[in-house]
Amino acid sequence: HCGGFPQDSARAFRVKTAGSVDPAGLLYVQQREFAATTPADQSVTVLASDDATTCHLVVLRHTGSGASCLAHCDDSSTWSEVPLLVEAVTSLSSHTQEGRLELHLVGGFDDDMKTSQKLSLSLLATFHSQKEDIHLVTCCITELNDVVSEGIHRPAVYGIGINVKSGEVFPGSFPSRGPAEELRSARTFTGGQMANIYDSSKELVKVGPCKWSPNMDIGFWLMQDDDTILKYLSTSPQVEPPHFIQHIKSTIQFLLDHPSPDSLFPGGQAQLFHRTEQGSWERVTPSEQQ
């Protein structure tokens, strides 16, 4: 269903060497988030995301402006999400006449529930229906990203990055997941919509303000064994990465520690982070936001 896409292109992508990425230039994109920037960005060299099992990772890049967007999609609302990604790239490319929009789709596998396949078809149909002319360059999704080991289907590639300077898209895994990893996970866990987490004009990561209701019942999950958590809180229990359980537990603990999100967003303002000279992300205090 990749429009007669040869499997060779998926195979070639799967065997690409995973680039090692300096955390000082990395912006990590979590599930139901996207970020877009240009080669001129002094704070971000690589946009990356990881841990996609049935989710898909989407990179859209304009070859003329070099503007790139990376999203981690989970079929929560593909029809409304894709136009956000297209707008993010075209709005950074309005000054250029040359070039074209290139699309890279990676992720998913041949899962029993066909969750990956539904998302693949939905993304392909939605990108195809956009008024812009979008060229599919990498298609490594669902059965094209499927490997079988010990009788179990799993994704060949779980994570990708794009070097926003060179435009290279590559498979990889990315241990550095900041800033505000738990807050951002909590936003998604409580049903937050697809969100743009980066303002490339100011080179700031922007989180929130978020809304969720106090729910002490979720403490129940912290008492359960790993198999139970996987069975009920994963779309693909057999192929989650090893840190999945810990990630879920720390997200739930964060929500228990912050039953109302208001305290996290003084004055209803987003949390903003800028890149320090040492290369880490640091919170901008509200007084500096003015």
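Shown above is the structure to which this text applies.
It should be emphasised that the depicted structure is a prediction, and the values quoted were computed from it without experimental measurement. (Residues numbered from 1 in each chain as written. Predicted model: local features only at pLDDT ≥ 70, side-chain atom pairs only at ≥ 80, totals over all residues. Heavy atoms only, no water.)

Engineer: What's the story with the pairing of strand β16 (residues 281–284) in this structure? I'm lost.
Structural biologist: Strand direction decides the pairing type here: strand β15 (residues 271–275) and β16, joined by four bridges, are antiparallel. Directly across from Arg275, in β16, lies its bridge partner Trp281. Here β15 hands over to β16 after five residues, with Gly279 in that stretch at a positive phi of 100°. (Pairing = 2+ DSSP bridges. Helix = DSSP H or I, 4+ residues; strand = E, 2+ residues; numbered from the N terminus.)

Engineer: Looking at this structure, how should I read the sheet that holds strand β4 (residues 56–62)?
Structural biologist: Strand pairing within a sheet occurs via backbone hydrogen bonds; the two strands may be parallel or antiparallel. Judged by pairing direction, the sheet is mixed, and its six strands sit side by side in the order β7-β6-β4-β5-β2-β12 without closing on themselves. Looking at which strands have only one partner, the edges of the open sheet turn out to be β7 (134–141) and β12 (195–196). Summarising the sheet, strand β2 (residues 33–37) and β12 pair through two bridges and their orientation is parallel. Directly across from Phe34, in β12, lies its bridge partner Asn196. Contacts from helix α1 (residues 7–14) reach β6 (101–107) and β7 within the one sheet, and its direction differs from that of β7 by about 65°. (Contact = heavy atoms within 4.5 Å. Axes fitted to C-alpha atoms, helices over the stretch in contact; angles between N-to-C directions.)

Engineer: Teacher, can you tell me more about the sheet that holds strand β3 (residues 46–49) here?
Structural biologist: Ordered by their spatial adjacency, four strands build an open sheet running β1-β3-β10-β11, and the pairing between neighbours is mixed. Each edge of the sheet is formed by a strand with only one pairing partner; in this case those strands are β1 (26–28) and β11 (169–171). When the angles between neighbouring strand axes are averaged without regard to direction, this sheet yields 25°. Pairing of β1 with β3 involves three bridges; the strand directions are parallel.

Any link to function would need more than the numbers given here.
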